[in-house]
Amino acid sequence: MFDSHKNYVIADLHSHSTASDGVLSPKAMFERAQEKGIEIYALTDHDCVDGYLSLQELAKQEQSPKLISGIEWSTLHKGMNIHIVGLNFDATHPSVTQAIKKLQNTKNSFFMYLYIN
Ligand SMILES: [Zn+2]
């Protein structure tokens, strides 16, 4: 769907699905992006790439938006909760999957701490 003859691109580079705190499934989000004429699409769920990975086959269709990887990474800086959006990386690289697993374990420990205390 990407038209390289234009001097602009219609992109949605920040969206959330039910893989994190969104309302629509990854598939429904991607289909909606296609319906809206989005040319480049990134699903940036919180601290996971599961939704992005689930779209690989769907994104191979000829009229589909160009799908790029995305994540919204949760972190703390000086006691403040900071979210960092990452785009267009290798979502299956071992360093990425290990970092996500470590973050999810940390979040689980944090929520367990809140629950117990
Ligand atoms: Zn967000």
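Residues numbered from 1 in each chain as written. Predicted model: local features only at pLDDT ≥ 70, side-chain atom pairs only at ≥ 80, totals over all residues.

> Help me out: how do you make sense of the overall build of the chain in this one?
Each helix and strand in the chain was counted, giving three helices and five strands. Start at the N end of the chain and walk to the C end: the helices and strands fall as β-α-β-α-β-β-β-α. Going through the 117 residues of the chain one by one, you find that 17% of them count as buried. Sequence separation of at least 24 residues holds for 63% of the intrachain contacts in the chain that already meet a minimum separation of 6. (Helix = DSSP H or I, 4+ residues; strand = E, 2+ residues; numbered from the N terminus. Buried ≥ 20, exposed ≤ 12 C-beta atoms within 10 Å, placed from the backbone. Contact = placed C-beta atoms within 7 Å.)

> How do you make sense of the pairing of strand β5 (residues 80–87) when you look at a structure like this?
Regular strands place side chains that alternate from one sheet face to the opposite one. Counted residue by residue, β5 has zero buried out of eight residues, so it is predominantly exposed. One ladder, built from eight bridges, connects strand β4 (residues 70–77) with β5; its direction is antiparallel. Across the sheet, Gly70 pairs through a bridge with Leu87, a residue of β5. Taking the residues between adjacent antiparallel strands as the criterion, β4 and β5 are bridged by two residues, where Lys78 takes a positive phi near 50°. (Pairing = 2+ DSSP bridges.)

> Explain the environment of Leu24 here, please?
Within the secondary structure layout, Leu24 lies in the loop between β1 (11–12) and α1 (26–35). Excluding anything up to four places from it in sequence, Leu24 contacts Ser17, Thr18, Met29 and Arg32.

> Just checking my understanding: could you explain unusual backbone geometry for this structure?
Excluding glycine, most residues fall at negative phi; most peptide bonds, likewise, are trans. Even without being a glycine, Asp47 presents a positive backbone phi close to 55°. Secondary-structure assignment places Asp47 in the loop between β2 (40–42) and α2 (50–54). Since 18 C-beta atoms lie within 10 Å of it, Asp47 is described here as partly exposed. Look at Lys78: it is not a glycine, yet its phi comes out positive at around 50°. Counting through the fold element by element, Lys78 comes out in the loop between β4 and β5. Using a count of 5 C-beta atoms within 10 Å as the deciding quantity, one classes Lys78 as exposed.

> How do you make sense of the sheet that holds strand β3 (residues 66–68) when you look at a structure like this?
Strand-to-strand pairing in sheets goes through backbone hydrogen bonds, with the strands running parallel or antiparallel. With parallel pairing, the three strands of this open sheet are ordered in space as β1-β2-β3. The open sheet has two free edges, formed respectively by β1 and β3, since each of these has just one partner strand. The pairing of β1 with β2 spans two bridges and is classified as parallel. Bridge pairing in β2 places Ala11 opposite Ile40.

> How should I be thinking about the environment of Ala19 in this particular structure?
Considering the arrangement of structural elements, one finds Ala19 in the loop between β1 and α1. Owing to 20 C-beta atoms within 10 Å, Ala19 belongs among the buried residues under this scheme. Measuring from C-alpha to C-alpha, the distance between Ala19 and Asp50 comes to 6.6 Å, with 31 residues separating the pair along the chain. Look past the residues within four positions of Ala19 in its chain and what remains in contact with it is Pro26, Asp45, Cys48, Asp50 and Gly51.

Fair warning: the whole summary comes from geometry, so function is off the table for now.
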